[in-house]
Amino acid sequence: QVQLVESGGGLVQAGDSLRLSCAASGRTFSNYAMGWFRQAPGKEREFVAAISWSGGSTAYADSVKGRFTISRDNAKNTVYLQMNSLKPEDTAVYYCAARMSLWVRTTPNQYDYWGQGTQVTVSS
């Protein structure tokens, strides 16, 4: 089992930045690829970003490319999502997910463990 706890969400204005963190415990963190997903009210959960076990490979949704950066610190068992130039359409609950594989994937059903989510609200 892997336990994931997100933090760092909040209410910000358009153009601001936030950094989300996801702390993992339970298994060897470096054995897992990690991802961030988000879900807005009335919408399906969507892919945001993913990172391989070493951090050497990343993937981003087109909607966040150039604005968001995913990173990880295996010594701290933590994955981060730096979000810059936030827009109102980025408003959602953001979820951290772990995949029992070394490599990135972009669909929710390819991830095995999920955090409880953290709310990000961007006002215009």
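Cut-offs used in this document
Residues numbered from 1 in each chain as written. Predicted model: local features only at pLDDT ≥ 70, side-chain atom pairs only at ≥ 80, totals over all residues. Heavy atoms only, no water. Pairing = 2+ DSSP bridges. Helix = DSSP H or I, 4+ residues; strand = E, 2+ residues; numbered from the N terminus. Axes fitted to C-alpha atoms, helices over the stretch in contact; angles between N-to-C directions. Patch = residues over 30% accessible without salt bridge, like charges linked within 9 Å, V, L, I, M, F, W, Y side chains within 5 Å. Areas by Shrake-Rupley, 256 points an atom, 1.4 Å probe, with all protein chains shown as cover. Salt bridge = Lys/Arg side-chain N within 4 Å of Asp/Glu carboxyl O. Phe/Tyr/Trp six-rings, centres within 6.5 Å; stacked < 30°, edge-to-face > 60°. Buried < 20%, exposed > 50% of the residue type's maximum accessible area, 1.4 Å probe, protein only. Lys NZ or Arg CZ within 6 Å of the ring centre and 35° of its normal.

A separate point is the sheet that holds strand β7 (residues 68–73). Here we have four strands laid out as an open sheet, ordered β1-β3-β8-β7, and antiparallel in their pairing. Among the strands making up the open sheet, the edge pair consists of β1 (3–7) and β7. Strand-to-strand twist in this sheet, taken as the mean axis angle between neighbours without regard to direction, amounts to 15 degrees. Bridging between strand β3 (residues 18–25) and strand β8 (residues 78–83) involves six bridges; their strand directions are antiparallel. Bridge pairing in β8 links A23 to T78.

Take unusual backbone geometry next. Most peptide bonds take the trans configuration, and most residues that are not glycine carry a negative phi. Phi at N77 takes a positive value of approximately 55 degrees, unusual for a residue other than glycine. Within the secondary structure layout, N77 lies in the loop between β7 and β8. The phi torsion at S85 lies on the positive side, around 50 degrees, for a residue other than glycine. The residue S85 is located in the loop between β8 and β9 (92–99) in this model.

The next subject is a nonpolar patch on the surface. Together, W53, L102 and W103 give the surface a local cluster of nonpolar side chains, amounting to about 290 Å² of exposed area. On the secondary structure map, W103 appears in the loop between β9 and β10 (113–114).

Ring pairs (aromatic) are described by centroid distance and by the angle formed between their planes. Counted according to the given criterion, the structure contains five aromatic pairs. Summarising the aromatic geometry, the rings of F37 and W114 are spaced 5.1 Å apart at their centres and angled 55 degrees between planes, so their arrangement reads as tilted. Taken together, the residues F37 in strand β4 (residues 33–39) and W114 in strand β10 connect sequence positions 77 residues apart. Judged by relative accessible area, which is 0%, F37 ranks as buried. Taken together through their ring pairs, the aromatic side chains of F37, F47, Y111 and W114 make up a single cluster. One cation-aromatic arrangement involves R45 over Y95; the distance from NZ or CZ to the ring centre is 3.8 Å. The cationic tip of R45 hangs over the ring face of W114; the distance from NZ or CZ to the ring centre is 4.8 Å.

None of the figures reported here should be taken as evidence of function without further support.
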